[in-house]
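Single-letter residue listing:
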Amino acid sequence: MKKKSKSWKISFQHLKAFKFYHVIIYVLLGLIMFGIMFSNVKPEKINVQLFSNAEKTIVAPHSFEDREATELLRKEAADKVPDQFIRDKDKAYQQIARVENFFEVLIETKNKIAELEKVPETSPPAEEEGDSAESQEEPEPIMLTDAEKLKLLEEALEGQVPDRWEDELKDENLLFLLGSKEADLTRYKNASVTAINNAMSRDIHTVEDASEAKNLARTELSQSGNVPSVIINISSISVIPNVIYDSAQTQEKRQQAIDAVEPVRVSQGDTLVKAGQFIDREIYRLLTVAGFVNQSDNLAPYAGLIIIIGLMIFALVYLFKNIDITIHSKNTYLTMYLLIFSITLILLKIFSFFQTLNTTEIGYIAPVAMGAMLIKMLINDRIAIFSSIIFGICGSFIFNMVPGTMNYTVGSYLIISAVASVLFLNQHNRRLTILQTGLFVSFINVVTVIALVLLTNRDLTGMNELLDLGINGTMAVGSGVVSAVLTIGILPFFEVGFGMLSTMKLLELSNPNHPLLRKILMETPGTYHHSVMVANLSESACEAVGANGLLARVASYYHDIGKTKRPHYFIENQMGRANPHDKLPPQTSKNIIIAHATDGAQILRDHNMPKEIVDIAAQHHGTTLLKFFYHKAKEQNENIKEEEYRYPGPKATSKEAAIVGTADSIEAAVRSLNNPTPDKIETIVKAIIKDRLQDGQYSDCDLTFKELEEIGKSFCETLQGIFHSRIEYPKGEEEES
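Read on for a plain summary of the structure. (Residues numbered from 1 in each chain as written. Predicted model: local features only at pLDDT ≥ 70, side-chain atom pairs only at ≥ 80, totals over all residues. Heavy atoms only, no water.)

1. Considering the overall build of the protein
So, step 1. Scanning the protein from terminus to terminus reveals 27 helices and six strands.
So, step 2. A total of 737 residues make up the protein; the buried ones form 43% of that total.
So, step 3. Within the protein, counting contacts between residues at least 6 apart in sequence, those at least 24 apart form 78% of the total. (Helix = DSSP H or I, 4+ residues; strand = E, 2+ residues; numbered from the N terminus. Buried < 20%, exposed > 50% of the residue type's maximum accessible area, 1.4 Å probe, protein only. Contact = heavy atoms within 4.5 Å.)

This is how it looks when you write it as structure tokens:
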């Protein structure tokens, strides 16, 4: 128990070591990306002096708003909005009310004076005897003086008339009005009110407007007939401006004008000052806003780059975490990915050194598809697609014109180019296929370049424009071809250095001229034929459950190579000879038969064959029982243990190994039938799969019951196609099939 605990502790420590190795790889990826793109985000330091000539052309490193210029335009727009005025109708009502009140006071005062001047009523004196009626005198009426009348009127008018009427309300004018009849005063009032109302029914804003309105009132009253001048003057004076300043509307109009002003923006890449141009105060101010004056070490661009790199690394961690491989293989994949990724970015950086300020088309020749194809062939399709996006993002920084900016044109081009290579490259990756993929990528690159040029709405009728398009198209073609050539040249180094089993490697191993396959064919022709049959069964079954069919096919070719050591001890190679096992004890026969699995694995190791193929050769029998020799030994000795007649294993650890082992047993069993019919084939297939399942031969691989059912159907279909019914020809006729 203690020993088991110690083993678990060691495994946990190994796991921690592997996890630490993963962290190191991801950190190195981040550092490599940061190191390559560091110079592309580092702010460029430029010597800018007021009232001097610019040393070089300076363009805006990013888009920004010129707030000072914007505020100046907004102020100018607000100043252009005139003050807003509104006619105050109450002004006319107020002036009319004052005139009406004046006449009412006149009439009331006039009536009051009339009351005071009435003859007072006195009681008649008692008649005395002797007096006659004629001797009595009547009382005289009370007459108010002009001063008394004026005093009464002034008291009544106190606070009732505006000060500007004082010049017209002289004593003689007031006495004239007091002496007028009430009907005349009423007529004067009505005429005055009408004239004032008509004059103030228009907008009276300026002095000219007021003078015109006053003259209109005078003219109207003069034409009314018998209106005294004092009334005309009072009416004229009562006409006043009726348009007032509207602060709310003025503010609203000015705010609308301010809001209508678009902010003054400087776009990324706009020229701020040309080389040799004089830097005046306005240009100097603009350079200050852009950050070229009083430059300090700003860490913001580096922080932004770190964040972007962190997001990309995080996505890669997620993708690699979901790859269904062992942790040892994951270490290998991560190391390969680090190398492929670094090589690709370094190539992009090298090509970027050849671009000038006005020419960014050099990015079209960058062989970004190389990295995408290598990642697909050696690692995973999904990771290759995402890596294509990363290459495009990094390329948009590497091929930028201004530090801290992104060249979206080249970035989009690189993404399309890399993704196209991943999608077109199929699983049968021979060198010719890689070259075909390169040509396809070249075609896609040219189409992409044309599309990007059309998007810029450039005129393509001129010779210079057509020449530029031709150069860019040539670079696009070169990108695809160079990517294919580099892929073919670099791929073998990864396959040999990391022992990777790529599709191309598998296809090379399946070549009948391979030395080991020729060895099997020449020394064990029966085994060779058996292996080809097993390969057909295994490939179709693997494809049915999503396993690697090509790996199963190639491994099937080599799985019995151990039989080349003692070829005649295996029935398919005896070719009618006597079976040597008939003269050997069961123990010896068992050792010879079992040895072919371990011998085969060793032969494959000695020839540096891929580990996956070696494992399948060692595992294709698992720990199955040699039933024939076990029962033969059992007849001789009842105490024989079953474990002594089992293969040493290990059991199949992959779907491919389990399928090859099952196909091996099924092919041998079906081949032994005299007349294999579909029913017999199906019975044997189900029996062997069931037997292996009950024997626990699938316990170390991840095959499900549903997958086993699909594998059985695939075996039956393939075998029925091989052992199909044939037409019975009449005797004497030569069979043609």
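2. Some points on empty space enclosed by the protein
So, step 1. Per the stated rule, a full pass over the model turns up three cavities of 30 Å³ or more.
So, step 2. Volume-wise, the largest cavity comes out at about 40 Å³.
So, step 3. Lining the largest cavity we find Gln619, His620, His621, Gly622, Ala652, Ala657, Ala658, Gly661, Arg692, Gln697 and Tyr698.
So, step 4. Per element, the largest residue contribution to the lining of the largest cavity is three residues, and it comes from helix α25 (residues 655-671).
So, step 5. Of the residues that constitute the lining of the largest cavity, the class distribution is four nonpolar, six polar and one charged. (1 Å grid on protein atoms, 1.4 Å probe; cavity = no way out; pocket = protein on both sides within 12 Å on 5 of 7 lines; lining within 4 Å. Points joined across faces, edges and corners; volume = space filled by probe spheres on them. Nonpolar A, V, L, I, M, F, W, Y, C, P; charged D, E, K, R; others polar.)

3. A look at helix α5 (residues 171-179)
So, step 1. Considered for burial, the residues of α5 that qualify are Leu174, Leu177 and Leu178. Down the axis of α5, the buried side of the element spans an arc of 100°, and every buried residue falls inside it. For α5, the exposed residues lying more than 90 degrees away from the buried face are Glu172 and Gly179.
So, step 2. Where α5 is buried, its residues contact α3 (89-116), α4 (146-157), α6 (182-199) and α8 (229-238). (Arc of directions from axis to C-beta.)

4. Some remarks on the nonpolar core
So, step 1. Core analysis: the biggest nonpolar cluster contains 64 residues, and Met33, Phe320, Tyr337, Leu345, Ile379 and Ile434 have the highest contact counts within it.
So, step 2. Mapped onto this core, the elements with two or more residues apiece are α1 (2-41), α11 (300-321), α12 (327-352), α13 (368-378), α14 (381-398), α15 (408-424), α16 (431-455) and α17 (463-498).
So, step 3. Tallying contributions element by element places α12 first for this core, with nine residues.
So, step 4. In contact with Ile379, other than residues within four places in its own chain, are Phe320, Ile323, Tyr333, Met336, Tyr337 and Leu374. (Core = buried A, V, L, I, M, F, W, Y, C linked by side-chain atoms within 4.5 Å.)

5. Description of the environment of Ile244
So, step 1. With respect to the helices, strands and loops of the structure, Ile244 is situated in strand β4 (residues 243-245).
So, step 2. In this structure, the C-alpha to C-alpha distance between Ile244 and Phe85, residues 159 residues apart in sequence, is 5.3 Å.
So, step 3. Not counting residues within four places of it along the chain, the set of residues in contact with Ile244 comprises Gln84, Phe85, Ile86, Asp88 and Lys91.

6. A word on the pattern of salt bridges
So, step 1. The tally for this structure, following the rule as stated, stands at 24 salt bridges.
So, step 2. The salt bridge involving Asp79 is made with Lys75; its shortest N-O contact spans 3.1 Å. Residue Asp79 and its partner Lys75 are located together in helix α2 (residues 67-80), separated by four residues, close to a single helical turn.
So, step 3. A salt bridge links Glu572 to Lys563; its shortest N-O distance comes to 2.8 Å. Here the two residues Glu572 and Lys563 agree in accessibility, since each one is buried. (Salt bridge = Lys/Arg side-chain N within 4 Å of Asp/Glu carboxyl O.)

7. Things to note about a nonpolar patch on the surface
So, step 1. The grouping of Phe20, Val23, Ile24, Val27, Leu28 and Leu31 at the surface amounts to a nonpolar patch, some 540 Å² of accessible area in total.
So, step 2. Tracing the sequence through the fold places Val23 in helix α1. (Patch = residues over 30% accessible without salt bridge, like charges linked within 9 Å, V, L, I, M, F, W, Y side chains within 5 Å. Areas by Shrake-Rupley, 256 points an atom, 1.4 Å probe, with all protein chains shown as cover.)

8. A look at the packing of α3 against α4
So, step 1. The contact between α3 and α4 brings their axes to 10 Å, and the two run at 140°. Comparing their axes, α4 and α3 come out oblique. Helix-helix and strand crossings are classified by hand; for α3 and α4 the assignment is right-handed. Across the interface between the two elements, Phe102, Val105, Leu106, Thr109, Lys112, Ile113 and Leu116 of α3 pack against Lys149, Leu152, Leu153, Ala156 and Leu157 of α4.
So, step 2. Of the residues assigned to the contact of α3 with α4, the class counts are nine nonpolar, one polar and two charged. (Axes fitted to C-alpha atoms, helices over the stretch in contact; angles between N-to-C directions. Parallel < 35°, antiparallel > 145°, perpendicular 65-115°, else oblique. Left-handed = near helix turned anticlockwise from the far one by under 90°.)

9. Re the layout of surface pockets
Empty space among the atoms becomes visible once a probe the size of a water molecule is rolled across them.
So, step 1. Within this model, the second largest pocket holds a volume of roughly 1200 Å³.
So, step 2. A per-element tally of the lining of the second largest pocket places α25 first, with five residues.
So, step 3. Of the residues that constitute the lining of the second largest pocket, the class distribution is twelve nonpolar, nine polar and 13 charged.

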